[in-house]
Amino acid sequence: MKKSIGDNMIPKGWSFEQGLELVKKAGYDGIELWLGDVPWFQMSTTDSEIRELRRKVERAGLVVSNVSTGLHWETPVSSRDPKVRDRAIGIVERQIEAAQILGTDAILVVVGLVTAEVPYNEVYQRSVEAMQKLGPTAGNAGVKIGCENCNSEQRFLLSPREFWTFLNDVNSPHVGLHLDVGNIHDTGFAEQWIEIHGPRITRIHVKDVNKQRGRCGDQSVYTNLFLGDNNWPAIRAALDKVGYNGWLVAEMELRYRYALDQQFYDTAAAMDRLISGKL
Amino acid sequence: MRIRVSRRHFLSTAVGAGAGLASVARGRCFGIASRSPAVLPQGHLDCVLVDLADGCRLRESLAGYEAALSRTHCRFLRAVPRQMPPAPVVIVPGCAGLAPDVAEIFRSSAEAGALVLVESGAAYAELPEFEAHRVALDLHFGLKLEAPVDLWSDGRGEESALARHAEGRRAEAGRSHVPYVDYNWPIAAKVRDFSRIVPLCNVVWAALNGEPIGWAQGRPMAARQSFGRGKLVFLGSPLGPALRYGDREAERWLNALLV
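Residues numbered from 1 in each chain as written. Chains lettered and ligands numbered in written order. Predicted model: local features only at pLDDT ≥ 70, side-chain atom pairs only at ≥ 80, totals over all residues. Heavy atoms only, no water.

### Comments concerning the overall build of chain B
Step number 1: For chain B, the helix and strand inventory stands at seven helices and 12 strands.
Step number 2: Split into buried and exposed, the 259 residues of chain B put 54% on the buried side.
Step number 3: A fraction of 71% describes how many contacts in chain B between residues 6 or more apart in sequence connect residues 24 or more apart.
Step number 4: Accessible surface, chain B as shown: approximately 10900 Å² in total, 53% of it carbon and sulfur. (Helix = DSSP H or I, 4+ residues; strand = E, 2+ residues; numbered from the N terminus. Buried < 20%, exposed > 50% of the residue type's maximum accessible area, 1.4 Å probe, protein only. Contact = heavy atoms within 4.5 Å. Areas by Shrake-Rupley, 256 points an atom, 1.4 Å probe, with all protein chains shown as cover.)

### Quick notes on the packing of aromatic side chains
Step number 1: Counted under the stated rule, the structure contains 11 aromatic pairs over all chains.
Step number 2: For the pair Phe 226 of chain A and Trp 232 of chain A, a centre-to-centre distance of 5.9 Å together with 85° between the ring planes defines the contact as edge-to-face.
Step number 3: For Phe 226 of chain A, a relative accessible area of 35% translates into the label partly exposed.
Step number 4: Aromatic side chains Phe 141 of chain B and Phe 227 of chain B sit 5.9 Å apart centroid to centroid with 80° between the ring planes, which places their arrangement in the edge-to-face category. One end of the pair, Phe 141 of chain B, is in helix 4 (residues 127-141); the other, Phe 227 of chain B, is in strand 11 (residues 219-227), and 86 residues separate them in sequence.
Step number 5: Phe 141 of chain B gets classed as buried once you look at its relative accessible area, which sits at 2%. (Phe/Tyr/Trp six-rings, centres within 6.5 Å; stacked < 30°, edge-to-face > 60°.)

### Some remarks on the pairing of strand 4 (residues 89-95) of chain B
All names here are of chain B.
Step number 1: Across the seven residues that make up strand 4, a large majority, seven, are buried.
Step number 2: Of the pairings in the sheet, the one linking strand 2 (residues 47-50) to strand 4 comprises three bridges and is parallel in character. Within strand 4, the position partnered with Leu 49 by the bridge is Ile 91.
Step number 3: When strand 4 meets strand 5 (residues 115-120), the two strands line up parallel, connected through five bridges. Considered in strand 5, the bridge of Val 92 is made with Val 118. (Pairing = 2+ DSSP bridges.)

### Digging into the environment of Val 206 of chain A
All names here are of chain A.
Step number 1: In this structure, Val 206 sits in strand 7 (residues 201-206).
Step number 2: Residue classification places Val 206 among the buried positions, given a relative accessible area of 1%.
Step number 3: For the pair formed by Val 206 and Lys 25, sequence separation is 181 residues and the distance between their alpha carbons is 20 Å.
Step number 4: Once residues lying within four places of it in the same chain are set aside, the contact partners of Val 206 are Val 181, Leu 225, Trp 232, Leu 248, Val 249, Ala 250, Glu 251, Met 252, Met 271 and Leu 274.

### Some remarks on unusual backbone geometry
All names here are of chain B.
Step number 1: Look at the link from Trp 185 to Pro 186: it is a cis peptide, with omega at -5°.
Step number 2: Despite not being glycine, Asn 209 shows a phi value in the positive range, around 60°.
Step number 3: Here Asn 209 lies in the loop between strand 9 (196-197) and strand 10 (210-216).
Step number 4: The exposure class assigned to Asn 209 is exposed, which follows from its relative accessible area of 53%.
Step number 5: In this structure, Gln 217 takes a positive phi of about 45° despite not being glycine.
Step number 6: Secondary-structure assignment places Gln 217 in the loop between strand 10 and strand 11.

### With respect to the packing of helix 2 (residues 59-70) of chain B against helix 7 (residues 248-258) of chain B
Residue and element names in this part refer to chain B.
Step number 1: For the pair helix 2 and helix 7, interaxial distance at closest approach is 11 Å and the crossing angle is 70°. Taken together, the axes of helix 2 and helix 7 lie roughly perpendicular to each other. As helix 2 packs across helix 7, the resulting crossing turns out to be right-handed. Residue-level inspection shows Tyr 65, Ala 68 and Leu 69 of helix 2 in contact with helix 7, the latter providing Glu 251, Leu 254 and Leu 258. (Axes fitted to C-alpha atoms, helices over the stretch in contact; angles between N-to-C directions. Parallel < 35°, antiparallel > 145°, perpendicular 65-115°, else oblique. Left-handed = near helix turned anticlockwise from the far one by under 90°.)

### Focus: the nonpolar core
Step number 1: Membership of the largest hydrophobic core comes to 82 residues, with the highest contact counts inside it found for Phe 41, Met 131, Ile 145, Phe 166 and Val 206 of chain A.
Step number 2: The leading source of residues in this core is helix 3 (residues 82-102) of chain A, at nine residues.
Step number 3: Among the nonpolar cores identified, the runner-up in size contains 40 residues, and Val 48, Val 118, Ala 136 and Phe 194 of chain B belong to it. (Core = buried A, V, L, I, M, F, W, Y, C linked by side-chain atoms within 4.5 Å.)

### Section: the pairing of strand 3 (residues 75-79) of chain B
Residue and element names in this part refer to chain B.
Step number 1: Across the five residues that make up strand 3, a large majority, five, are buried.
Step number 2: Burial along strand 3 is two-sided: the residues Arg 75, Leu 77 and Ala 79 and Phe 76 and Arg 78 are all buried.
Step number 3: Note: strand 2 against strand 3, four bridges, orientation parallel. Within strand 3, the residue paired with Cys 47 across the bridge is Phe 76.
Step number 4: Considered for its hand, the β-α-β crossover made up of strand 2, helix 2 and strand 3 is right-handed. (Right-handed = clockwise from strand over helix to strand, strands pointing away.)

### Some words on the environment of Met 271 of chain A
Residues and elements named next belong to chain A.
Step number 1: Structurally, Met 271 is set in helix 9 (residues 262-276).
Step number 2: Given a relative accessible area of 0%, Met 271 falls into the buried group.
Step number 3: With 185 residues separating them along the chain, Met 271 and Asp 86 place their C-alpha atoms 38 Å apart.

### Here's the deal with the side chain of Arg 94 of chain A
Residues and elements named next belong to chain A.
Step number 1: Tracing the backbone shows Arg 94 in helix 3.
Step number 2: Arg 94 gets classed as buried once you look at its relative accessible area, which sits at 11%.
Step number 3: For Arg 94, the side chain forms a polar contact with the main-chain oxygen of Thr 45, separated by 2.9 Å. (Polar contact = N/O pair within 3.5 Å; in protein donor to acceptor, adjacent residues only side chain to side chain.)

### With respect to helix 4 (residues 120-141) of chain A
Step number 1: If you check helix 4 of chain A, its first and last C-alpha atoms are 31 Å apart, about what 22 residues at 1.5 Å a residue would give, namely 32 Å.
Step number 2: Roughly 30° is the biggest bend found in helix 4 of chain A, and it falls at Leu 134 of chain A, with proline Pro 136 of chain A one to four residues downstream.
Step number 3: Every buried residue belonging to helix 4 of chain A is among Glu 122, Val 123, Tyr 124, Arg 126, Ser 127, Val 128, Ala 130, Met 131, Leu 134, Gly 135, Ala 138 and Ala 141 of chain A, and all of these are buried.
Step number 4: Looking at the packing, one finds that the buried side of helix 4 of chain A touches helix 3, strand 4 (106-109), strand 5 (144-148), helix 6 (160-170) and strand 6 (175-180) of chain A together with helix 2 of chain B. (Expected span 1.5 Å × (residues − 1). Bend = angle between axes of the 7 residues up to and from the residue.)

### Structural notes on the side chain of Glu 32 of chain A
Residues and elements named next belong to chain A.
Step number 1: For Glu 32, the location among the structural elements is in strand 2 (residues 30-35).
Step number 2: No salt bridge is formed by the buried Glu 32. Its closest oppositely charged neighbour is Arg 203, at 7.8 Å.
Step number 3: A polar side-chain atom of Glu 32 sits 2.8 Å from a polar atom in the side chain of His 205.
Step number 4: Excluding anything up to four places from it in sequence, Glu 32 contacts Ser 4, Ile 5, Gly 6, Asp 7, Ser 65, Asn 66, Ser 68, His 178, His 205 and Val 249. (Lys, Arg positive; Asp, Glu negative; His and termini not counted. Salt bridge = Lys/Arg side-chain N within 4 Å of Asp/Glu carboxyl O.)

Structure (structure tokens):
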């Protein structure tokens, strides 16, 4: 397995180049690029500018592990407004194009958003239709769409079997699961998600979670690896069992208050322990 | 029941197309939008589902009506307005753009005895298109529309979901919005809202030969109005999506309208 971390973790005020240097120095193999979340990679970023990002990544001795985005929280494919849905599809298409240019084969999509306003049945069907539409586009580009399990925040596809049914309904070999082992909270167990989805997993986000805390105000449920309630030996065993040998991508919500670069080193060391299996 | 007979009588006498035709299966769509009446399958139609093409702002509403009609015993045809055959019920989903000649087709259908259901999708249109929609409905049907209202503008929609995500706030805090539209005709029904409505102005309904039949958050947004031998039903809150996503009350309401 290989280690990666998101460019949205690069401390504010740092340049992309400075961030890449830190990521390499901390021991990562690659970097996850977040469309729309960082100044150097926006929807307005041109193809040639994306090619330049790739050159910078490669000059730093890294590769791009995958292309993610948080834009679908604001512009979901499950919106009631057709204009918003069109924009959401456009974001995924741009992710696919960018992935091709950046030389990676996976993107992350937050596929639907259940709210008090937009109920589950609507979100489900629109999400299936959107992924059915995008699957062939991804396939033609040699890219896989990984739908992320943002269980609590999306209030959508809350169990691994539900997610399995969703992927069956989409019915595309180019659409799978971008698993976040920290997002499952107390609605289940990451190791069971890994076992059930196995080869459908495109990438894995790693972070730990305090299952008993719950969101309240600005308090986060997420924490650094091995500090929370995830059963990491079971997760590691499940990865072995399904033969997952792909990217582990660090996604830490809680940031260090001081010595911001230290989190990169600490997280990389924890990921090494996870990969080694010495837990 | 009397309405149904009356509409069928209209159908059989107004135009030869529906008369003396072979029996056909119910719950079946007979056409595609571009097919002309001359090549329609021979059979009695209960309903025409109008595809306004670019004038339909909510394609999923059209799909919702089509799916719901397919589940009934109704024999229906999907057609473009300028080629629609006569039928006792005419449904116009997601209407935003409404050319004058098309509006006249709908008005003539109502005057000839049809029930014409115009569902507004203009709350999802850009402002100039909405304004044209408002003028057209006033000019051709005497309906006075207010500007669209976002029922979820108190900040509990998608945008606020993002904010909650970013802020880590609990989604359930302080929720009070009741997400339903209430109808009292043709049956009482409670149907999920579709975020935005086009409310009707307060008018002297008796002077318009009509009355409101639906409300959202206390605002009238649906009405029926008599025209000649038929009537116009206006919905300012899209019903088609609710039909598509399994709202049983919406389906019951439509079925009652078709009888």
